[in-house]
Number of protein chains: 2
Amino acid sequence: MRVPLELRRAYKLLNHGPTTLVTSAANGRTNVMAAAWTMPIDFEPPKVAVVIAEGTFTRELVEDSGELTLCVPTRAQLDAVYAVGSDSGRDEDKWASSGLRAAPASRVQAPLVEGCVGWLECRVLPESDVQRKYDLFIVEVVAAWVEDSVWKEGGWDFSAGEEYRPIHHLAGGVFFATGERIQAHKPEGAKK
Amino acid sequence: MRVPLELRRAYKLLNHGPTTLVTSAANGRTNVMAAAWTMPIDFEPPKVAVVIAEGTFTRELVEDSGELTLCVPTRAQLDAVYAVGSDSGRDEDKWASSGLRAAPASRVQAPLVEGCVGWLECRVLPESDVQRKYDLFIVEVVAAWVEDSVWKEGGWDFSAGEEYRPIHHLAGGVFFATGERIQAHKPEGAKK
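Let us look at the structure shown here.

Thresholds applied
Residues numbered from 1 in each chain as written. Chains lettered and ligands numbered in written order. Predicted model: local features only at pLDDT ≥ 70, side-chain atom pairs only at ≥ 80, totals over all residues. Heavy atoms only, no water. Least-squares fit on C-alpha atoms with pLDDT ≥ 70 in both. Contact = heavy atoms within 4.5 Å. Pairing = 2+ DSSP bridges. Helix = DSSP H or I, 4+ residues; strand = E, 2+ residues; numbered from the N terminus. Axes fitted to C-alpha atoms, helices over the stretch in contact; angles between N-to-C directions. Buried < 20%, exposed > 50% of the residue type's maximum accessible area, 1.4 Å probe, protein only. Polar contact = N/O pair within 3.5 Å; in protein donor to acceptor, adjacent residues only side chain to side chain. 1 Å grid on protein atoms, 1.4 Å probe; cavity = no way out; pocket = protein on both sides within 12 Å on 5 of 7 lines; lining within 4 Å. Points joined across faces, edges and corners; volume = space filled by probe spheres on them. Nonpolar A, V, L, I, M, F, W, Y, C, P; charged D, E, K, R; others polar.

### Some details on the relation of the copies chain B and chain A
Turning to step 1, where the next piece is worked out: When chain B is fitted onto chain A, the two copies agree to an RMSD of 0.0 Å after a turn of 180° and an axial shift of 0.0 Å. The symmetry that links the two subunits is that of a two-fold axis.
Turning to step 2, where the next piece is worked out: The overlap is high: 100% of the interface residues of chain B also sit at the interface in chain A, so the same surface is used on both sides.

Below is the structure:
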């Protein structure tokens, strides 16, 4: 079940580096694409950097609306993620072709993608210089949601099932699933 | 064994979102810190975005030298990565305290970290506005290296051993190892 996540914890949805789905909406149309190049850049208020290539339909909708969502898909959605990362929404309705389903967001017009495990509703910050030079968008997270069956004690816990694990794109449709959880230990005598 | 990697493939070292080690050198001192907030932003010439917080010793050395390296550590280095991500090199020699060992790089003064599986030598691009506002550094990769025992047919292959897997920080010393390799398939009738 999708439940609200405190904004100060929103960075955790992307901190381990999963591939994301970017949704957008403007002028009566919506789109969804995959983006591996997404990362948190601040905690509170949470901000994220995401690369959205020039010429894409997503870029057009994001520039028109100033909004987007970043959703964390799972290995159950593997083929759909790859498909929406390869084709253009200018030519076809990627919702129909991929089987991904949209649900309304709370603070932005861009929809959330059902079946994901994390969702960030975002507003674009006006940084036209890096947008133009590097296709890099700086966004502020205005609402965050998490799938509660894989979220325990304030963090991811994928022991509920393999199909819930996020995916990490290498290249050409090769992904890695999020793997084993491991706990680091500070050496004895360390300061913290 | 560390072998050179073509620059056009350098993005693959970070595409799956691992936590990195950032090294720096200036004024006769070197430092190493951990950074989860690192991602590729372009293919060729390869560029990367990395967050380096204001006030850190790494920030001082990177601003003085205009150079850094980004190294991809493994689960065998888990505790050391967490330690150098928590302590400051201003107060102690993190090389000595962590047990991480430095090796000379080829194009920059900042050293490579031995025992990692990927290495990017980088020069900072002059983007002082986003550096100041978001602690965000845009760097160009000028040399890349990969551990050949986990690199097959132009991409990662971790079947050689669990200890070689990169790590992905969630928060507070909880990491995920890079997991199972999975291949996406385009639906029949898809364009590519």
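### Remarks on the sheet that holds strand β14 (residues 174-183) of chain B
Turning to step 1, where the next piece is worked out: The strand order β13(A)-β14(A)-β14(B)-β13(B) describes an open sheet built from four strands, whose pairing is antiparallel. Each end of this open sheet is capped by a strand with a single partner; those strands are β13 (167-171) of chain A together with β13 (167-171) of chain B. Neighbouring strand axes in the sheet, compared pairwise and without regard to direction, differ in orientation by 40° on average.
Turning to step 2, where the next piece is worked out: Note that strand β14 (residues 174-183) of chain A and β14(B) share seven bridges and pair antiparallel. Bridge pairing links A:Phe175 to B:Ile182 in β14(B).
Turning to step 3, where the next piece is worked out: Here helix α2 (residues 78-86) of chain A sits on the sheet and contacts β13 and β14 of chain A together with β14 of chain B; the angle it forms with β14(A), its principal contact strand, is near 125°.

### Some thoughts on the side chain of A:Asn15
Turning to step 1, where the next piece is worked out: Assignment of secondary structure puts A:Asn15 in the loop between β1 (2-4) and β2 (20-26).
Turning to step 2, where the next piece is worked out: The exposure class assigned to A:Asn15 is buried, which follows from its relative accessible area of 5%.
Turning to step 3, where the next piece is worked out: Only 2.9 Å separates the side chain of A:Asn15 from the backbone oxygen of B:His169, close enough to count as a polar contact.
Turning to step 4, where the next piece is worked out: Here the side chain of A:Asn15 touches B:Leu170 through a polar contact of 3.1 Å, landing on its backbone oxygen.

### Focus: unusual backbone geometry
All names here are of chain A.
Turning to step 1, where the next piece is worked out: Here the residue pair Glu44 and Pro45 is connected by a cis peptide bond, since its omega of 0° sits within 30 degrees of zero.
Turning to step 2, where the next piece is worked out: Mapped onto the secondary structure, Pro45 falls in the loop between β4 (38-43) and β5 (46-51).
Turning to step 3, where the next piece is worked out: Here Asn27, not a glycine, exhibits a phi torsion of approximately 55°, which is positive.
Turning to step 4, where the next piece is worked out: Take Asn27: it is sitting in the loop between β2 and β3 (29-35).
Turning to step 5, where the next piece is worked out: You can call Asn27 exposed: its relative accessible area is 63%.
Turning to step 6, where the next piece is worked out: Of note in the backbone geometry, Glu153 takes a positive phi value of approximately 50° without being a glycine.

### Quick word on empty space enclosed by the protein
Once rolled over the atoms, a probe with the size of a water molecule shows which space is left empty.
Turning to step 1, where the next piece is worked out: According to the stated counting rule, one finds three cavities of 30 Å³ or more in the structure shown.
Turning to step 2, where the next piece is worked out: In this structure, the largest cavity occupies an estimated 80 Å³ of space.
Turning to step 3, where the next piece is worked out: Lining the largest cavity are 14 residues, and of these A:Gly17, A:Thr38, B:Gly17, B:Thr38 and B:Met39 lie nearest its centre.
Turning to step 4, where the next piece is worked out: Mapped by element, the contributors of at least two residues to the lining of the largest cavity are β4 of chain A together with β4 (38-43) of chain B.
Turning to step 5, where the next piece is worked out: Classifying every residue of the lining of the largest cavity by side-chain character gives eight nonpolar, six polar and no charged.
Turning to step 6, where the next piece is worked out: By volume, the second largest cavity amounts to about 40 Å³.
Turning to step 7, where the next piece is worked out: Considering the residues around the second largest cavity, the lining is formed by B:Ala10, B:Tyr11, B:Leu14, B:Pro40, B:Asp42, B:Pro46, B:Lys47, B:Val48, B:Leu120 and B:Val141.
Turning to step 8, where the next piece is worked out: Going through the elements one at a time, β4 and β5 (46-51) of chain B are the ones with two or more residues in the lining of the second largest cavity.
Turning to step 9, where the next piece is worked out: Counting residues per element, the lining of the second largest cavity draws most heavily on β5(B), at three residues.

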